[in-house]
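Fold and contact review
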Amino acid sequence: MLLPREASLIAAGDAEDPRRELVERLLEHERFKAAAQMLMQKQQIEEATWTNPGIGEFKEEIAGDREIAADTTDLVRVFQEIIERLKTRPVLNVNEDTVTVSQMIDYCRRRLIMEDRPISLRKLLQNTHSQQALICMFLALLELVRLQAVLLRQRATSVTS
């Protein structure tokens, strides 16, 4: 194509372009590629869709008969069976307030640093609700006293008999 054309071909008019066949093949390839992509998308949609061919028969049976064939004694019996199953099911008690003494020691240290002044035991225990947390808090305070990290003092109270 880059060579100079012969004069007879120029006079004859437009000679056939060798690129034309390549362009047609590329266009045909694009059409096949688009068709293949469309078929792949259709296959993905069909794979993601679940159908139940027997549902039509079920709907027809239900449409004609909408009443339940049960009386009050049947309903009471079924209700009692449900209650019995509830009584026999296993119950799992999960305690979400699991705390350790070391966690309570850290809590006490943070709290005392935040207050930066003496704090009452009642105020320190204000957010402690479970029995396990109270025991851990008491042990944590004893450990902090043993380590001489805190000083406990009791207000002078008058004891009357």
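Look a little higher up for the structure.
Report on the accompanying structure. (Residues numbered from 1 in each chain as written. Predicted model: local features only at pLDDT ≥ 70, side-chain atom pairs only at ≥ 80, totals over all residues. Heavy atoms only, no water.)

Overview of the pattern of salt bridges
Selection rule: Between Lys or Arg on one side and Asp or Glu on the other, a salt bridge is scored when a side-chain nitrogen of the former is within 4 Å of a carboxyl oxygen of the latter.
The full count for this structure, using the stated rule, is eight salt bridges. Two residues, Lys-123 and Glu-115, come together in a salt bridge whose shortest N-O distance is 3.8 Å.

Concerning helix α7 (residues 131-146)
Note the threshold: Secondary structure follows DSSP: runs of H or I at least 4 residues long count as helices, runs of E at least 2 residues long count as strands, and numbering of each begins at the N terminus. Multiplying 1.5 Å by the residue count of a helix minus one yields the expected span of that helix. The classification of residues rests on relative accessible area computed with a 1.4 Å probe and restricted to protein chains. Under 20% of the type maximum is buried, over 50% is exposed, and intermediate values are partly exposed. What the arc describes is the spread of directions from the helix axis to the C-beta atoms. Between two residues, a contact is recorded if the distance between any of their heavy atoms is within 4.5 Å.
An ideal rise of 1.5 Å per residue puts 22 Å on 16 residues; α7 measures up with 23 Å between its terminal C-alpha atoms. Turning to α7, its buried residues are Ala-133, Cys-136, Met-137, Ala-140, Leu-141 and Leu-144. One side of α7 carries all its buried residues, which in axial view fall inside an arc of 140°. Turned more than 90 degrees off the buried face of α7, the exposed positions are Gln-131, Phe-138 and Arg-146. The elements touched by buried residues of α7 are α5 (101-115) and α6 (121-124).

Quick notes on the nonpolar core
Using the following cut-off: Residue types Ala, Val, Leu, Ile, Met, Phe, Trp, Tyr and Cys, when buried and joined through side-chain atoms within 4.5 Å, form a set referred to as a nonpolar core.
Listed in full, the 12 residues of the largest apolar core are Met-104, Ile-105, Cys-108, Ile-119, Leu-124, Ala-133, Cys-136, Met-137, Ala-140, Leu-141, Leu-144 and Val-150. Ranked by residue count, the leading element in this core is α7, at six residues. Setting aside residues no more than four positions away along its own chain, Ala-133 makes contact with Val-99, Met-104 and Thr-128.

Regarding the environment of Arg-111
Tracing the backbone shows Arg-111 in helix α5. Separated by 13 residues in the primary sequence, Arg-111 and Leu-124 have C-alpha atoms spaced 7.9 Å apart. Discounting residues that sit within four places of it in the chain, Arg-111 has contacts with Ile-119, Lys-123 and Leu-124.

Considering a nonpolar patch on the surface
Counted only if it meets this: Note on patches: the residues involved have over 30% relative accessible area and no salt bridge, like charges join within 9 Å, and the nonpolar side chains Val, Leu, Ile, Met, Phe, Trp and Tyr join within 5 Å. Surface exposure here means Shrake-Rupley accessible area, sampled with a 1.4 Å probe, where a residue is shielded only by the protein chains that are shown.
A contiguous nonpolar patch, built from Ile-135, Phe-138, Leu-139 and Leu-142 and spanning about 380 Å² of accessible area, is present on the exposed surface. By the secondary structure assignment, Phe-138 is in helix α7.

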